[in-house]
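The primary structure of each chain is shown beneath.
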Amino acid sequence: MALTAQIEARHHMLVALNENQRDSNRPLTNLEVRMTGVETRLSGIETRLTIIEGRLNKIEGSIGVIPHGVVAIKNMLRSSDDPGEGPSLNGSPRPLN
């Protein structure tokens, strides 16, 4: 009977250890579920930021053209007696001073 009692005692220890391990894993499982939720939300944010980045690149490209247009307009508006470069209002080249 001593052997049976030892086996029974070890069985109870293993059952207790199993329950303890399950209790210890529960917070880790909850954390894993929460982290998966955070990862999913961050993935959505990353997608939206990629879309915003594309839109900002388009805006940047449009804004980059503006200085060239402003310079062209200024050159067109200069009178023929203004010093500077560019064609006069009548389209003829400006005389050099």
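Parameters at a glance
- Residues numbered from 1 in each chain as written.
- Predicted model: local features only at pLDDT ≥ 70, side-chain atom pairs only at ≥ 80, totals over all residues.
- Heavy atoms only, no water.
- Helix = DSSP H or I, 4+ residues; strand = E, 2+ residues; numbered from the N terminus.
- Buried < 20%, exposed > 50% of the residue type's maximum accessible area, 1.4 Å probe, protein only.
- Areas by Shrake-Rupley, 256 points an atom, 1.4 Å probe, with all protein chains shown as cover.
- Salt bridge = Lys/Arg side-chain N within 4 Å of Asp/Glu carboxyl O.
- Patch = residues over 30% accessible without salt bridge, like charges linked within 9 Å, V, L, I, M, F, W, Y side chains within 5 Å.

**Describing the overall build of the protein**
Right, on to step 1. Each helix and strand counted, the protein has 1 helix and 0 strands in total.
Right, on to step 2. Within the span of the protein, comprising 97 residues, buried residues form 3% of the whole.
Right, on to step 3. Just so you have it, the protein exposes about 8,900 Å², and 63% of that area is on carbon and sulfur atoms.

**Some thoughts on the pattern of salt bridges**
Right, on to step 1. Within the structure shown, the criterion is met by 1 salt bridge.
Right, on to step 2. A salt bridge links Asp-23 to Arg-26; the shortest N-O distance between them is 3.2 Å. On the criterion of helical spacing, the pair formed by Asp-23 and Arg-26 is a turn pair, its members being 3 residues apart in helix α1 (residues 2–77).
Right, on to step 3. Exposure remark for Asp-23: the relative accessible area of 44% places this residue in the partly exposed category.

**Some thoughts on a nonpolar patch on the surface**
Right, on to step 1. Judged by side-chain polarity, Val-38, Leu-42, Ile-45, Leu-49, Ile-52, Leu-56, Ile-59, Ile-63, Ile-66 and Val-70 come together as a nonpolar surface patch covering roughly 870 Å² of accessible area.
Right, on to step 2. Locating Val-70 in the fold gives a position in helix α1.
Right, on to step 3. Residue classification places Val-70 among the partly exposed residues on the basis of a relative accessible area of 42%.

Structural measurements only, silent on function.
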